Amino acid sequence: LGYSPTDRWTFTAGLRWFDHTRKRDYYIMQPVGHYTAALTHAELSTSDITKKLSIQYHISDDAMVYALYSDGFRAGGQNVVRPGTVLPADYDPDFLDNYELGFKSRWLDDKIGFNLTLFQMEWNNYQVEVVDPGPLYTVVVENVGDAEIKGVSAEFSARFWDALDLGLNAQFL
């Protein structure tokens, strides 16, 4: 839902509902198309509502500032585990809160662009691929606790001729 009370201000609010079910069957394929018995069967469901709120203010026809809040999640799942795997087979969903303040601009008939974004991302129950410490080398997805990233991202672009674009991006975390 977007609302613009004037040409300069825009307010946006959004909701998205997810009902995610992941079903997986894992087999080992042998030569000539034969399969062994199933290693595992997984069926996990996650439901959530994600949100987005933003405010934009157009300083001019060429530049705007904004503030944004959004959240999201990644579904949980189940790893393929073998005998001797130490870490749990199941992993839970993780959840993200994202905060941004930004400036976006295009100048000289869209020939020059400059964008700057300050951001902070906060994860709960963060998922990451890790190596299982058991006797076999196995990479699994696990929840490793909470995580946070703070940073700034800058982007500069220039179009000198129709056939030549120059771009520079920098990000500090």
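These numbers come from a predicted model, not from an experiment. (Residues numbered from 1 in each chain as written. Predicted model: local features only at pLDDT ≥ 70, side-chain atom pairs only at ≥ 80, totals over all residues. Heavy atoms only, no water.)

(A) Inspection of the environment of Asn125 at higher detail. Within the secondary structure layout, Asn125 lies in the loop between strand 8 (112-124) and strand 9 (127-131). Along the sequence, Asn125 and Asp146 sit 21 residues apart, while their C-alpha atoms lie 5.3 Å from each other. Setting aside residues no more than four positions away along its own chain, Asn125 makes contact with Asp92, Pro93, Asp94, Asn143, Gly145 and Asp146. (Helix = DSSP H or I, 4+ residues; strand = E, 2+ residues; numbered from the N terminus. Contact = heavy atoms within 4.5 Å.)

(B) Examining the packing of aromatic side chains more closely. As enumerated under the stated definition, the model contains eight aromatic pairs in all. Measuring from centroid to centroid gives 6.3 Å for Phe103 and Phe114, while their planes differ by 50 degrees, and the two rings are tilted. You can see Phe103 sitting in strand 7 (residues 94-107) and its partner Phe114 sitting in strand 8, a full eleven residues away along the chain. An aromatic cluster of three or more residues is present, and its members are Trp9, Phe11 and Tyr57. (Phe/Tyr/Trp six-rings, centres within 6.5 Å; stacked < 30°, edge-to-face > 60°.)

(C) Region of the structure containing the pattern of salt bridges. On inspection of all chains with the given rule, the structure shows five salt bridges. Measuring nitrogen to oxygen at the nearest pair gives 2.7 Å for the salt bridge that ties Asp71 to Lys51. Pair noted here: Asp71 is in strand 4 (residues 63-74) and Lys51 is in strand 3 (residues 40-58), with a separation of 20 residues, a long-range link. Looking at Lys51, the relative accessible area reads 35%, which means it is partly exposed. Note that Lys150 and Glu148 form a salt bridge whose closest N and O atoms lie 3.8 Å from each other. Overall, Glu148 belongs to the partly exposed group, its relative accessible area being 48%. (Salt bridge = Lys/Arg side-chain N within 4 Å of Asp/Glu carboxyl O. Buried < 20%, exposed > 50% of the residue type's maximum accessible area, 1.4 Å probe, protein only.)

(D) Structural detail: the environment of Arg106. With respect to the helices, strands and loops of the structure, Arg106 is situated in strand 7. Residue Arg106 is classed as partly exposed on the basis of its relative accessible area of 34%. When the C-alpha atoms of Arg106 and Asp132 are compared, they prove to be 48 Å apart, with 26 residues separating the residues in sequence. The residues touching Arg106, leaving out its near neighbours within four places in the chain, are Asp62, Lys111, Ile112, Gly113 and Ser157. Here Asp110 takes part through its backbone oxygen, which lies 2.5 Å from a polar atom of the side chain of Arg106. Side-chain polar atoms of Arg106 contact the side chain of Ser157, separated by 2.9 Å. (Polar contact = N/O pair within 3.5 Å; in protein donor to acceptor, adjacent residues only side chain to side chain.)

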